[in-house]
Each structure stands twice: as structure tokens, then as C-alpha cells.
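# Topology and contacts: notes
Given next are the chains, with one letter for each unit.
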Amino acid sequence: MTLAIQTQNLGKKYGNLQAISSLHLEIPEGQFFGLIGPNGSGKTTTIHILSTLIRPTTGTVFVAGYNVIDDPVAVRRQIGLVFQESALDRTLTVEENLQFSGALYGLDHRLIAERSRKLLDLFDLDGKRKAKVATLSGGMRRALDIARGVLHQPRILFLDEPTIGLDIISRRRIWRFMKQLRQELGMTILLTTHYLEEAESCDQVTFLRKGELIG
């Protein structure tokens, strides 16, 4: 079994606050893994460490076979990340946001156009490619955030509460899209959420409370 993500005794401390403590994760390649917990449980801190945005205080972390401390650039090439807050530029069009994201990953113009076309079709956004992001609904912006996060076809996708603030219809639509993306690309997905129903599609689920795994 090849592991996409592995942590040993992972901990993160901010002053006197222990955000996460002795976190042990082993997530196989291709798995849809759910990390569930209330606000303040340490879910976002965990995602930020795994994606090299912050450094752990203790422990070791390997993502896609690379140590997040020793090889952060290599890790970033293998992952996609959808934040709680949108990372889109609202002054640009749907198409321009994808072009900019693709260029950051060194994709050539033809490949960006080809993948953008497929993703916009998948997310029912093809008719909005020339629209400014500021004019999109919340559900459409979230769909575009996910499309942006998978444009470079990462081996591992981190979804940090991707449907927060969306209505139930938009949330269900997002999960249908994620199912299709998994079928097409076979990527490993790590989802954080506090909605239990969103974990129904996960292959494995664990719970985080006050920075510690409880199941």
C-alpha cells in the first residue's frame, strides 16, 4: 500500500495553545478521506501543515512521498488546495482565473485551454467563461474554486470545508462534481468538514476534537 499522506506525532503549538497534538495519519493513494470536527478542532491547521503553508512544531509529515519541511516545493507541485475562503480574483473572468492558475503551475496555453474547457463543462460553467467572477453566485464561485484547484491535475487534493456557507442544493451539486473528478483523475482527496452528511461518500472518516483524533 502506497501512502499519499503520512504523519507521525504531528503537533502544532501557538504560544500556550496546542492546536493539534500527536496526530497520526496514514492515507493511501486514491482514498477519499474525511477529517470531521467542530470549528476550532484543528482541521484547518492540519490542512495548512500538510500543504506546507505553516511548519509543524513537532513530528514528521510526508505528502506524496516528500517531507513537507525538507521538500516543500516538491510537495506543492503534487497538491491542489481549496481554501475555506475563495482564492479567486473577482475582477477577472472565469476563463482568466483558470489561465492565471495554470500559468502558475507552468502549464502551456494549449493544455490550459483544453483542461479549462473540460472542467467548465463538468461544472456547468461553460456559458460563464467570459463572466467576471464577481457576478457569479456563491455556488458557482465554489465550483470554480474547485476547478482551479484541480486544473493542474494534482495527485492529492485538499478541501478545507469547501461547501461552507452554501445551501443544500449547491452542496449536493459540489459533491456530484467531486465524485466525477475522482472517477476521471483517481486523485487522493482529504476533506475537512463539520457536516456529517458530507462524509457519507468518504472511504474513511476520523474525528478531530481539540487537536486530537478521537476515532
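Here, the structure is the one placed above.
Below or above, wherever it landed, is the structure these notes cover. (Residues numbered from 1 in each chain as written. Predicted model: local features only at pLDDT ≥ 70, side-chain atom pairs only at ≥ 80, totals over all residues. Heavy atoms only, no water.)

## Focus on the overall build of the protein
The helix and strand tally for the protein stands at six helices and ten strands. Against the 2.2 N^0.38 benchmark of 17 Å for 215 residues, the protein shows a C-alpha radius of gyration of 17 Å, consistent with a compact globule. Overall, the protein is about 50 × 35 × 35 Å in size when its C-alpha atoms are taken along their principal axes. The buried share of the protein, reckoned over its 215 residues, is 49%. Within the protein, contacts between residues separated by at least 24 positions form 71% of all contacts whose residues are at least 6 apart in sequence. (Helix = DSSP H or I, 4+ residues; strand = E, 2+ residues; numbered from the N terminus. Rg over C-alpha atoms; globule rule 2.2 N^0.38 Å. Buried < 20%, exposed > 50% of the residue type's maximum accessible area, 1.4 Å probe, protein only. Contact = heavy atoms within 4.5 Å.)

## Describing a nonpolar patch on the surface
Taken together, Leu196, Val205, Phe207 and Ile214 make up a surface patch of nonpolar side chains, about 340 Å² in accessible area. Along the chain, isoleucine 214 falls in the segment after strand 10 (212-213). Take isoleucine 214: its relative accessible area is 47%, and that puts it in the partly exposed class. (Patch = residues over 30% accessible without salt bridge, like charges linked within 9 Å, V, L, I, M, F, W, Y side chains within 5 Å. Areas by Shrake-Rupley, 256 points an atom, 1.4 Å probe, with all protein chains shown as cover. Salt bridge = Lys/Arg side-chain N within 4 Å of Asp/Glu carboxyl O.)

## Points about the side chain of threonine 52
Assignment of secondary structure puts threonine 52 in the loop between helix 1 (43-50) and strand 4 (58-63). Here arginine 76 takes part through its side chain, which lies 2.6 Å from a polar atom of the side chain of threonine 52. Once you skip the residues sitting within four places of it in the chain, threonine 52 turns out to touch Val68, Pro72, Val75 and Arg76. (Polar contact = N/O pair within 3.5 Å; in protein donor to acceptor, adjacent residues only side chain to side chain.)

## Notes on the sheet that holds strand 4
Taken together, four strands build an open sheet; the order of strands is 2-1-4-5 and the sheet is antiparallel. The two strands at the open ends of the sheet, each matched to only one other strand, are strand 2 (17-28) and strand 5 (66-67). Of the strand pairs in this sheet, strand 1 (residues 3-14) and strand 4 are connected by five bridges, and their pairing is antiparallel. Bridging from a neighbouring strand, threonine 7 pairs with valine 61 of strand 4. (Pairing = 2+ DSSP bridges.)

## Digging into the packing of helix 3 (residues 94-104) against helix 4 (residues 109-122)
Where helix 3 contacts helix 4, the two axes come as close as 10 Å, and the packing angle between them is 130°. The orientation of helix 3 relative to helix 4 falls into the category oblique. For the pair helix 3 and helix 4, the crossing hand works out as right-handed. Contacts between helix 3 and helix 4 involve Val94, Leu98, Gln99, Gly102 and Ala103 from the former and His109, Ile112, Ser116 and Leu120 from the latter. Split by residue class, the contact of helix 3 with helix 4 holds five nonpolar, four polar and no charged. (Axes fitted to C-alpha atoms, helices over the stretch in contact; angles between N-to-C directions. Parallel < 35°, antiparallel > 145°, perpendicular 65-115°, else oblique. Left-handed = near helix turned anticlockwise from the far one by under 90°. Nonpolar A, V, L, I, M, F, W, Y, C, P; charged D, E, K, R; others polar.)

## Digging into the sheet that holds strand 9 (residues 204-209)
On the basis of which strands lie adjacent, the open sheet formed by six strands has the order 6-7-8-3-9-10 and mixed pairing. Since the sheet does not close on itself, it has two edges, and those belong to strand 6 (79-82) and strand 10, each with one partner. In the sheet, strand 9 pairs with strand 10 via two bridges, with the strands oriented antiparallel. Considered in strand 10, the bridge of leucine 208 is made with leucine 213. Sheet strands touched by helix 1: strand 3 (32-36), strand 6, strand 7 (156-160), strand 8 (188-193) and strand 9. Its angle to strand 8, the strand with the most contacts, is close to 150°. Lying over the sheet, helix 5 (residues 138-150) contacts strand 6 and strand 7, oriented at roughly 165° with respect to strand 6.

## Side note on unusual backbone geometry
Positive phi outside glycine occurs at asparagine 9, with the angle close to 50°. Mapped onto the fold, asparagine 9 is located in strand 1. Within the chain, serine 22 stands out as a residue other than glycine whose phi angle is a positive 50°. Examined against the element boundaries, serine 22 turns out to sit in strand 2.

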